[in-house]
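Reading the structure
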Amino acid sequence: MSTTTAPPPEAAPPEHSGGGNDDHGHGHDHGHDPFLAHHFGSAKQQFDAGKFGMWLFLVTEILFFSGLFCAYAVYRSTHPEAFANADQYLDPMLGAANTAVLIFSSLTMAWAVRAAQLGQQQLLVRLLTITLSCASIFLGVKAVEYSHKWDLGILWSSMFNPQLHAHHSPALLVMSIPAMLAVVATAILFGLGKSKQKPVQAKFWGCLLITSLSYFGGVGLGLTVPVIEGMITGETAVEVAEHAAATEHAAVEHAAAENAAVKHAADHTADGAATTAATAGSVEAAAAEQVAIDMTYTGIFFSIYFVMTGLHGIHILAGMGVIAWLLYRSLLGHFGPRYFGPVDFVGLYWHLVDLIWIYLFPLLYLIG
Amino acid sequence: MDSHDSHEIAHVMPLKVLFSIFGLLIFFTILTVAIAQLHLGRWEIIISMLIATTKASLVAIYFMHLRYDNPFNAMVFVFSLVFVALFLGFTLVDVEQYQPDLIPVQDPIATGS
């Protein structure tokens, strides 16, 4: 696109102007900007346009999530008891650990943008890998939480049926299958890249191998946090194994009692008219009915919980996809002081995902 | 020359700022967990939402560069929050309006028992 009439780059140092569309810059920097699209006047104009587009997308994301926050707010205003009841089934320490992991990944992402701006290629690759690994760790902790809820029957609406003891199902194993496949696939591709002397491919799959392995680090973190919690609350190592069951015991006992009461209520209605309600009996039935309603309400809280955290998790996965794309391009050396838009825009998206979690964490885990 | 160019396209965030913001975010996370242990009743949601909003503002202003950005982007962002507030506000007002008129459901099948 460079024209013969354009002055050489050094001859006319561009003035520092705030506006994106200075005609002065047109032409003179096309020669060494392979990623400057022809319809943009300058690298700055392209960057500003891209950034504005990204912000518009983020606005749609905020409004999209606000539907779920609205569901939360409405349900909380009409059934606060469901939220108080649900509090006992969620471990705030796991949520806090995940918050810290996400905040750290936000830091490395913001730092990656800086590295791209300053042309620090190697640092950029490392920071993107760390960001990806943090996302993996987050998903690992989440998998521990979800599988534990599955084992305890803490599920959505009518599936909400809390058990006294977690039965050992392969839920965590099943949830980890994609990560295991990712480890195998990235390891094979890494090996192929190495053997075929393709350094970029080898590095790319190597970084993704680290990312896939980090998931298991996250699983480990999710499993050890409750143990550490037990230690802090003053339990010996022997008791630690039983700790998780112990803390849930009180909670689940209550739920189990509810369960029995529900069954009782069902029997009660079955022989319905025949029972000429003794006053004690009808009071019991009323209490059982109340408990059944509480169960339904708590189940609906968990519907909200699973949809909100699940949708957030899908956003994490999508973010990992685009960061992997950035990683590949940064290995090709595409990003530098003149062209770092994609890193910045993906960074914005990543920070928004973090920002939503900053609200989800207290709303779901802390406020009872 | 090169690093000067990137300054011209967008502001480069100093590392000191990035690490300070990270420290503050971790501090507020610990604070909000600690406050949740106190069981402050109806103040709980107000305090934890204030802390969450402080954290979100730090992320938006520094990690998302809004402070050094074209103010139009910040305006678009803030307007989206205004619309979220309208959405939630109107919905909650509406829900409160008809709550007293709801007829409780007695049917055990409908209540999920």
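Residues numbered from 1 in each chain as written. Chains lettered and ligands numbered in written order. Predicted model: local features only at pLDDT ≥ 70, side-chain atom pairs only at ≥ 80, totals over all residues.

Our focus in this paragraph is the overall build of chain A. For chain A, the helix and strand inventory stands at 9 helices and 0 strands. Element order for chain A, N to C, with α for helix and β for strand: α-α-α-α-α-α-α-α-α. Per-residue burial for chain A yields a buried fraction of 40% across its 368 residues. Across chain A, the fraction of contacts at a sequence separation of at least 24, relative to all contacts at a separation of at least 6, is 73%. (Helix = DSSP H or I, 4+ residues; strand = E, 2+ residues; numbered from the N terminus. Buried ≥ 20, exposed ≤ 12 C-beta atoms within 10 Å, placed from the backbone. Contact = placed C-beta atoms within 7 Å.)

What follows deals with the overall build of chain B. For chain B, the count of helices and strands is 4 helices and 0 strands. Order of helices (α) and strands (β) in chain B, N terminus to C terminus: α-α-α-α. Relative to its 113 residues, chain B shows a buried fraction of 19%. Across chain B, every contact between residues at least 6 apart in sequence was considered, and the portion connecting residues at least 24 apart equals 43%.

Each side of the interface is counted separately: chain A has 54 residues, and chain B has 45 residues. Of the residues forming the side of chain A that touches chain B, the biggest block, 18 residues, is contributed by helix H1 (residues 43–78) of chain A. The class makeup of the residues in the side of chain A that touches chain B is 35 nonpolar, 12 polar and 7 charged. (Nonpolar A, V, L, I, M, F, W, Y, C, P; charged D, E, K, R; others polar.)

Attention now goes to the nonpolar core. Residue and element names in this part refer to chain A. If you look at the biggest cluster of nonpolar residues, it comprises 106 residues, and the most contacted ones within it are Ala 112, Leu 128, Phe 138, Phe 301 and Leu 327. Top contributing element to this core by residue count: helix H9 (residues 341–366), with 18 residues. Once residues lying within four places of it in the same chain are set aside, the contact partners of Phe 301 are Ala 82, Phe 83 and Ala 86. (Core = buried A, V, L, I, M, F, W, Y, C linked by C-beta atoms within 7 Å.)

For the rest of this paragraph, the subject is helix H4 (residues 71–98) of chain B. Between its first and last C-alpha, H4 of chain B extends 41 Å over 28 residues, near the 40 Å set by a 1.5 Å rise per residue. Within H4 of chain B, only 1 of the 28 residues are buried, which leaves it mostly out in the open. (Expected span 1.5 Å × (residues − 1).)

Turning our attention to the confidence of the model for chain A. In low-pLDDT segments, the atomic positions of the prediction should not be examined closely. Residue and element names in this part refer to chain A. The pLDDT averaged across chain A works out to 79; a share of 77% of its residues lies at or above 70. The low-confidence segment residues 236–252 (pLDDT under 50) makes 15 contacts with residues lying over four places distant or belonging to another chain. A low-confidence stretch, residues 265–278 (pLDDT under 50), is modelled with 13 contacts involving residues beyond four sequence positions or located in other chains. (pLDDT = per-residue confidence, 0-100.)

Let us now look at the packing of H1 of chain A against H4 of chain B. For any two helices packed against each other, the geometry is given by the interaxial angle and the distance between the axes. The contact between H1 of chain A and H4 of chain B brings their axes to 9 Å, and the two run at 20°. Considering the angle they form, H1 of chain A stands roughly parallel to H4 of chain B. Judged by the sense of rotation from one axis to the other, the crossing of H1 of chain A with H4 of chain B is right-handed. The residue inventory of the contact of H1 of chain A with H4 of chain B, partitioned by class, reads 18 nonpolar, 6 polar and 2 charged. (Axes fitted to C-alpha atoms, helices over the stretch in contact; angles between N-to-C directions. Parallel < 35°, antiparallel > 145°, perpendicular 65-115°, else oblique. Left-handed = near helix turned anticlockwise from the far one by under 90°.)

Okay, the environment of Glu 229 of chain A next. Locating Glu 229 of chain A in the fold gives a position in helix H6 (residues 199–232). Placed 135 residues apart in sequence, Glu 229 of chain A and Leu 94 of chain A show a C-alpha to C-alpha distance of 9.9 Å.

Negative phi is the rule for most residues except glycine; trans is the rule for most peptide bonds. In this model, Gln 197 of chain A sits at a positive phi of 60°, which is unusual for a non-glycine residue. Among the structural elements, Gln 197 of chain A can be located in the loop between helix H5 (171–195) and H6. The phi angle at His 65 of chain B is positive, at roughly 65°, despite the residue not being glycine. Mapped onto the fold, His 65 of chain B is located in the loop between helix H3 (42–63) and H4.

Residue and element names in this part refer to chain B. With 22 residues, H3 extends 32 Å from end C-alpha to end C-alpha; this agrees with the ideal 32 Å at 1.5 Å per step. Restricting attention to buried positions, one finds in H3 the residues Ser 48, Ala 52, Lys 55, Leu 58, Val 59, Ala 60, Tyr 62 and Phe 63. Directly beyond the C-terminal end of H3, a positive phi value near 65° is found at His 65.

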